[in-house]
Structure formats: structure tokens, C-alpha cells
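Spelled out from the first residue to the last, the chains are:
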Number of protein chains: 2
Amino acid sequence: MVGRAGGQARAAVVGTGLIGGSVLLRLRDAGLDVAGWDPDPTTRRYAREQGVACPDAVEEAVAGRDVVFLCGPLPTLPETLSRVAGATDDGCVLTDVGSTKAEVAASAAAQGLGHRFVPGHPMAGADRAGVASATPALLDGAAWVLCPGPTGMMAFRRLAALIIDVFRARVVPMSAPEHDAVAALSSHVPHLLAGALAGAVQRAALRDAVLALAAGSFSDGTRVAGGPPERTANMLLGNRGQVLSELAAVRSFLDGLTDALRDGDATTLTAHLGEARTARLALHGRAFSTHHRQFPATVDHEGELAYLRELGAAGGHLTGCRVDGGGVTYTGHLPMVAEAA
Amino acid sequence: MVGRAGGQARAAVVGTGLIGGSVLLRLRDAGLDVAGWDPDPTTRRYAREQGVACPDAVEEAVAGRDVVFLCGPLPTLPETLSRVAGATDDGCVLTDVGSTKAEVAASAAAQGLGHRFVPGHPMAGADRAGVASATPALLDGAAWVLCPGPTGMMAFRRLAALIIDVFRARVVPMSAPEHDAVAALSSHVPHLLAGALAGAVQRAALRDAVLALAAGSFSDGTRVAGGPPERTANMLLGNRGQVLSELAAVRSFLDGLTDALRDGDATTLTAHLGEARTARLALHGRAFSTHHRQFPATVDHEGELAYLRELGAAGGHLTGCRVDGGGVTYTGHLPMVAEAA
């Protein structure tokens, strides 16, 4: 765990809305010495009412901490990172919870913070917002992406150990660009498709009849089109390159389906739909194998970094990270090749 | 209600799988004299075990009936229609429950059955299949499309009265081509988009990582891609022209979203997403106004047909159809213009 010899870690959370507030309450419940901060005075007051220290100055909240979670909105992160880095020791681990990772990782590297900033992205529902919806259980057992970099392996180990210990997280190690490519397919492109379907219906002459006869497929396929347009637009724009690239792949598959349909080619159409079905069935039907990997206390972490990134890219995750005498032992899980039929 | 003077209607169901079996059991529970038939001997035996008459010959099941529901698969309908028509009186109303309507309507017209065949499509979940999943409650309160034709108004009235009475159905009157255009957007195109998304992930280098990090948007947006490929392919091919046409409208909206994203145009992107959101919010938030309309017992039903088709095209439905002295009184419901914000 992140921390000082013989004691629990001291942690801070900057930006205590839904995610940050939930992180804060969970760390507090786990017995850590925590402090929060938010730019909004009402939110700070609310945190104090929960019994959590929440000073008016961010510098005061983060000073002397071992780990700081940056949980504010994406566009604010570079500036917050710089401010918090200046107010903490060089041994303090910094991480964030934003939904895209390449930009903030580049910003941290440009600020010379690659050795102690570990980009992060816990997977949590975003149907609600605000500190009043925060709960210690929100991120319990969540898949939690962390992006280890070549100079930041020690910080990664400490942070991974902490969030596994406190949140029972499944840590998914990935490079920042790979995370963003994955997020494009697993979340951002689905938002575009939902918007296109709902938008076409909004413009249709028979709009009201379509809504009257909407089947489960339509209701499911447009659910996220009901979210706030500004938030969805920011999310898409924050990962523009990867979204456009993965959308092209989806359009290409759609072209194949459309061509087969236009040609009346039932065999090809069924084959394409069968290919799609394989991915869908694997969503809930995968079994995992467990392994342990040890890495020594060396200066060169190339092998360790390669192991971690390969694990995440293969759909795997960590549930154990034990740092011992300078070395580390990971408990890893990989999806097995055989899939539910 | 369909029926003879002074008595309950006598009904038959041909094809007693999930939908047909549920229709059969519900008619039986409502006190009608019913008989079923299915090409599969095991299914016939199962129906008999439920206490329903299920003779081995379809002609025997339908002879002397006032109404026959044809519930077999789409490709079998033209032949079944011809066979059942030949074994029933000219006053017997025939209907089906297939998911597309233009083809079967044309087939009935070509067979000279327009005066007594009323194309139908009850909206029911199709996650399950087979008679063992059939229940009397499956279609309770369902939206149920009926397609009245110019020569079949008397048959429409009798059938609408029956299914409102027995199933508490919301009857949605539409022309067959309009039904198929609506079904393309409300069900068929969503299946294509789900297939394209899941299919692109299946081909992605990071497939397993995408599945590991799949958000609710991905899970919702691919749900129907888990269905049987053959069934989905048949459904799409059965409505090919309308599906391709409505898919083009969805692609066009997607192009607008993509252009705004590529240009980094947050204002336009947000506006398009806001347009999509309007349709999505209207899906569950609509209020309806109620009205009554009477039509006399005339030979010319042009006004009545126009009223019914306009009602369905506007997203409305019927919950009452009272036939009295040759005239009819409909209880209709229309979505109100003000929408949930």
C-alpha cells in the first residue's frame, strides 16, 4: 500500500463530486487519514458535514499527503496537476479518474511528473452526478484502469496496491493510447450510434408511430441518447481521434451487413451476424485463469511494464500487488480462450 | 367481438409456438371455444396436455371457426393462408402475427382474401421461443398493429373488438407499408447497429480489453446482437427495402455527428445530440388525449379508413371498438404535443 513505514497512507481527493466524493468516503471508511477539496464552497461544506477534513485551500488539503486523487473535470486536469504537484513532496503519488488518458498523460510528462503521476480511470456508472450521490460503495470491485509509464513503475505499484486493498478493484493496466482506443469502442462510439438512431427518429415523418411501437432493441439502443448533450459532446471531443478511427471500423462492419442485406445474401448476412454474436456472448460468459508474477527491485522495469500492458490489452486484470523488499508480486487474471457458446 | 349472434366467438390458432401458444391460452382463458394446430406433433401433444383441442389436421382445427390467428413463421404464411382460407367459411376473419406486413398483405390480396384477412403484429418480447414459454399474459396490454384495408373494414372492426376485449390490447391501425417503415426504425435498424458494434469489436485487436471495460452503453447497444443470427437475418431480409431506406436516414444523422466531431465543433455536436435526446425523452414521457369517433353502417368506409390510418401514423391507438347496429364507435388515444422536457 501507498504509505510511510509503519503507518497507513495519508490521502487527499481534489474534486469531490460523484466519483471524487465516493473515493473520499471509501478511503475514510478504510481508516486512512484523508482530506478533500473542491472549488465549490457548498461541496466543501457538505464534505465537512460527512466528517471529512476539507480546508478552503487546495494546497492545505494536499500538503504532506502520500497519494492524491485528482477527480475534477477533464479540461481542468492539467492546471490542477501542476498546482497539486507544486504543493506536494516529490514522493507523493498523483492519479486522476478522467475518461480519456492520452492527453493528461502527455501533460504530466511535459510537466516532468511521469515518475509520480499514474493516469487512472475507474469504471463507474455516470447516470448520476454530484457529491450528494457519492457513496463509499460506488467503486467497490470496479474495473479500474491504471496507465503505468516507463519512469513511473514504483508509483504504479504503490497505487495499484492501495486501490486493490481499499476498493477491491480489478486493476486493468494499459498504455494511455490503448485505453483511449478501448474506451472509444466500449463507450464513446456506442453513444454516437445511440444518438444517430434517436436523431433519425426525431426527424422521421412517422416519429410518433416509431415511438409507439418501439421494441426493446430501440429502447436499449437509444438509452444513452437521453444523457446531457454537453457531457456527451465533451466526452467525444476529448477522444476525437480514437473515436473517429473506431467509428470507421464499425461503419466498415455495417457496410458488410448492408451489402449482404441489399444483395439478399442470407448466408453472408447470417455469417456476419454470427461473428457479432460471438463478441456479445463473450461479454458475460468469459472464464479467467489466475497466475502470479514476481519482478525484482531493479532499476530497469521494462519486463514488468511489458507484462502489465500485455495483461490489460488481453482483457486481463490484477487483484493482487504485494510490494516486498523492493520486489513485487502480482496476482493476475487472463480470460481463457474457450468461450461460452 | 367476433362471433355469432348470441354466442361467444369460436377461434383457432395455427402455429402454436411462443406467440401462437400465448394467443391460444389467452383465448381459452377468456372463455372462447378454441382449437390449435401446429405442424410439430410434439407441440400438438403439449397443447392437448394444456387442455386445448389440437387435432392432427389443420382443416379440422379451423373448420367452422369465426376467427383464425396464423402464427407460423413468415415464409410459411402465404401457403398457410391459402390452406386455411379454403377450409373456412367466407365470413371467417383471418389474421397473422408476423413482424412485417406488406408481403403478406399483398399475398392475401392476390388470393382474393382482402375482405377477411387483416394483417396483424402484436408487439411482444422475442427473447424466448417455443410453446413451453407461452403464457396467457404474454400479450396482455400489448401494442397490437392491425392493417385495415379498403375492402376489409368489417373484418377489422370485429377483430379489433376481439383483441381489445380479450387481450386488453392497444390496437394500432396502420397501412401495411407504413407499419414496415416504422418497424424498420423501431426494431430492424437497431438490430443492424447492434450487430455492427459487436462485429467491429469481434474483429478488433483489443477485443478482450474492450469486453473487460464495456460500459452500460456498450452492453445496452449490443444486447440484441446476442440473438439467433438466422432469425435476425430473416427479419431483416423480410423488410429489406424499408430497412435499407431507414438505415440511410440513420447514416445521414451519423454523418452530421461525425462531421461536427471531426471539425471539433462542440456547438453543432451538442445541438445534434440535443435533437436525438428529444426523441429519446419522448419515448417514455408522452401523455395521450382520449376521444371517441363514430362511423355509420355504410358501404363506403373511406372516411373510417383514413381516420384509422392517421391515428396510427400519429402514434395513436384504440382501446375501444364497439360495433352496434351496423355502426361502430372507436375509443382513440393520441399523443399530446407537449412533451416531457
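Here, residues in each chain are numbered from 1, in the same order as that chain's written sequence. Working convention: letters from A go to chains and numbers from 1 go to ligands, in the order in which they are written. With the structure being a predicted model, the display of local features is reserved for residues of pLDDT at least 70 and the display and counting of side-chain atom pairs for 80 or more, all residues being used for whole-chain, interface and lining totals. For side-chain calculations, the full set of non-hydrogen atoms in the structure is used, while hydrogens and water are omitted.

Where an unreviewed UniProt entry is consulted, chain A appears under the name Prephenate dehydrogenase, with the organism given as Micromonospora rhizosphaerae. UniProt positions are given in the numbering used here, feature names are shortened, and annotations may be inferred rather than shown by experiment. The annotation that UniProt attaches to chain A under Sequence similarities (unreviewed entry) is "Belongs to the prephenate/arogenate dehydrogenase family."

As a further point, take the environment of Ala-266 of chain B. Elements are defined by DSSP. Helices are runs of H or I of four residues or more, strands are runs of E of two residues or more, and each kind is numbered from the N terminus. As for its position among the elements, Ala-266 of chain B is in helix H12 (residues 266-285). Along the chain, Ala-266 of chain B and Ala-215 of chain B lie 51 residues apart, while their C-alpha atoms are 23 Å from each other.

This part covers unusual backbone geometry. Residues and elements named next belong to chain A. The backbone of Arg-168 sits at a positive phi, close to 50°, despite the residue not being glycine. Checked against the element boundaries, Arg-168 lands in the loop between helix H6 (153-167) and strand E8 (170-173). Here Arg-168 falls in the exposed class, since its relative accessible area comes to 55%. The cut-offs for exposure are 20% and 50% of the maximum accessible area for each residue type, with area from a 1.4 Å probe on protein chains only; residues under the lower value are buried, those over the upper are exposed, and the others partly exposed.

All names here are of chain A. Strand pairing requires that DSSP identify at least two bridges connecting the strands. Here 5 strands make up an open sheet; going across it, the order is E2-E1-E3-E4-E5 and the pairing parallel. On the outer flanks of this sheet lie strand E2 (33-37) and strand E5 (117-118), each paired with one strand and no other. Of the pairings in the sheet, the one linking strand E4 (residues 93-96) to E5 comprises 2 bridges and is parallel in character. The partner of Thr-95 across the bridge, within E5, is Val-118. Between two residues, a contact is recorded if the distance between any of their heavy atoms is within 4.5 Å. To define axes, lines are fitted to C-alpha atoms, for helices over the stretch in contact only, and angles between the resulting N-to-C directions are given on a 0 to 180 degree scale. With respect to the sheet, H6 is in contact with strand E3 (67-70), E4 and E5, its orientation differing from that of E3 by roughly 75°.

Each side of the interface is counted separately: chain A has 94 residues, and chain B has 94 residues. Note: buried area is the sum, over both parts, of the accessible area (probe 1.4 Å) each one loses when the two are combined. Summed over both partners, the interface of chain A with chain B comes to about 8100 Å²; 70% of that surface belongs to carbon and sulfur atoms. Its largest share of buried area at the contact with chain B, chain A owes to Leu-213, Leu-261 and Arg-280 of chain A, together 9% of the area lost on that side. Salt bridges, as used here, are contacts in which a Lys or Arg side-chain nitrogen is within 4 Å of a carboxyl oxygen on Asp or Glu. Summed over the shared surface of chain A and chain B, the result is 8 salt bridges. Linking Arg-203 of chain A and Glu-275 of chain B is a salt bridge whose minimum nitrogen-to-oxygen distance equals 2.7 Å. Here a polar contact is recorded for every N or O atom pair within 3.5 Å, except that within protein the pair must consist of a potential hydrogen donor and a potential acceptor, and residues adjacent in sequence are included only if both atoms are side-chain atoms. There are 23 residue pairs in polar contact (both at pLDDT 80 or more) connecting chain A and chain B.

Let us look at the domain arrangement of chain A. All names here are of chain A. Structurally, chain A comprises domain 1 (10-174) and domain 2 (179-262). Residue ranges for the domains trace back to a domain assignment, done automatically or taken from a database. The C-alpha-based centres of domain 1 and domain 2 are spaced at 31 Å. Carbon and sulfur atoms make up 52% of the area that domain 1 and domain 2 hide from each other, which totals about 770 Å². On inspection of domain 1 and its partner domain 2, the count reaches 0 salt bridges.

What follows is about the pairing of E8 of chain A. Taken residue by residue, a regular strand's side chains alternate between the two faces of the sheet. All names here are of chain A. One ladder, built from 4 bridges, connects strand E7 (residues 143-146) with E8; its direction is parallel. Bridge assignment links Trp-144 to a residue of E8, and that residue is Val-171. Taking the sense of rotation as the criterion, the β-α-β connection linking E7, H6 and E8 turns out right-handed. Looking down the strands as they point away from the viewer, one classifies a crossover as right-handed if the path from the first strand across the helix to the second runs clockwise.

As a further point, take the pattern of salt bridges. All names here are of chain A. Using the criterion set out here, one finds 36 salt bridges over all chains in the structure. Between Asp-33 and Arg-65 there is a salt bridge; the shortest N-O distance is 3.1 Å. Within this pair, whereas Asp-33 is found in strand E2, its partner Arg-65 is found in the loop between helix H3 (58-62) and E3, the two being separated by 32 residues in sequence. Look at Asp-33 and you get partly exposed, because its relative accessible area is 36%.

Two elements in contact, helix H7 (residues 176-203) of chain A and helix H11 (residues 240-262) of chain B, have axes separated by 8 Å at closest approach and are oriented at 125°. Classified by the interaxial angle, the pair formed by H7 of chain A and H11 of chain B is oblique. Crossing of H7 of chain A over H11 of chain B shows right-handed handedness. Together, Leu-192, Leu-193, Gly-195, Ala-196, Leu-197, Gly-199, Ala-200 and Arg-203 of chain A of H7 of chain A and Ala-249, Val-250, Phe-253, Leu-254, Leu-257 and Leu-261 of chain B of H11 of chain B make up the contact between the two elements. Tallied by class, the residues present in the contact of H7 of chain A with H11 of chain B amount to 11 nonpolar, 2 polar and 1 charged. Here roughly perpendicular refers to angles of 65 to 115 degrees, roughly parallel to angles under 35, roughly antiparallel to angles over 145, and oblique to all remaining angles. When the near helix sits turned anticlockwise from the far one by under a right angle, the crossing is termed left-handed; a clockwise turn instead gives a right-handed crossing. Residue polarity follows a fixed list, in which Ala, Val, Leu, Ile, Met, Phe, Trp, Tyr, Cys and Pro are nonpolar, Asp, Glu, Lys and Arg are charged, and the others, Gly among them, are polar.

To superpose the copies, least squares is applied to the C-alpha atoms of every residue with a pLDDT of at least 70 in both. Note on the copies: chain A fits chain B at an RMSD of 0.2 Å, the axial shift is 0.1 Å, and the rotation between them is 179°. Viewed as a symmetry operation, the transformation between the two copies matches a two-fold axis. Both copies present the same face, since 100% of the interface residues in chain A are matched by interface residues at the equivalent positions in chain B.

What follows is about helix H10 (residues 229-237) of chain B. Buried within H10 of chain B we find Pro-229, Thr-232, Ala-233, Met-235, Leu-236 and Leu-237 of chain B. Contact partners of the buried residues in H10 of chain B: helix H11 (240-262) and helix H12 (266-285) of chain A together with helix H7 (176-203) and H11 of chain B.

Residues and elements named next belong to chain B. Pairing of aromatic side chains here covers Phe, Tyr and the six-membered ring of Trp, requires ring centres within 6.5 Å, and sorts the geometry by plane angle: under 30 degrees stacked, over 60 edge-to-face, intermediate tilted. All told, the structure shown has 12 aromatic pairs over all chains when counted by the stated rule. Summarising the aromatic geometry, the rings of Trp-144 and Phe-167 are spaced 4.9 Å apart at their centres and angled 55° between planes, so their arrangement reads as tilted. Of the two residues, Trp-144 is situated in strand E7 (residues 143-146) and Phe-167 in helix H6 (residues 153-167); the sequence distance between them amounts to 23 residues. Phe-167 carries the same exposure label as Trp-144, and that label is buried.

A few words on the nonpolar core. Take the buried residues of types Ala, Val, Leu, Ile, Met, Phe, Trp, Tyr and Cys, join any two whose side-chain atoms come within 4.5 Å, and each joined set is a nonpolar core. In terms of nonpolar packing, the biggest core is built from 82 residues, with Leu-192, Val-250, Leu-261 and Leu-269 of chain A together with Leu-192, Val-250 and Leu-269 of chain B touching the most fellow members. If sequence neighbours within four positions are ignored, Leu-261 of chain A has contacts with Leu-269 of chain A together with Leu-192, Leu-236, Leu-237, Arg-240, Val-243 and Leu-244 of chain B.

Across the sheet, 5 strands lie side by side as E2-E1-E3-E4-E5 (chain B); this open sheet has parallel pairing. Where the open sheet ends on each side, the last strands, each with one partner, are strand E2 (33-37) and strand E5 (117-118) of chain B.

All names here are of chain A. Within helix H2 (residues 41-49), burial applies to Thr-43, Arg-44 and Ala-47. Along the axis of H2, the buried residues cluster in a sector spanning 100°; they form a single face. Buried residues along H2 sit against E2. In this context, the arc is that of the directions from the helix axis out to the C-beta atoms.

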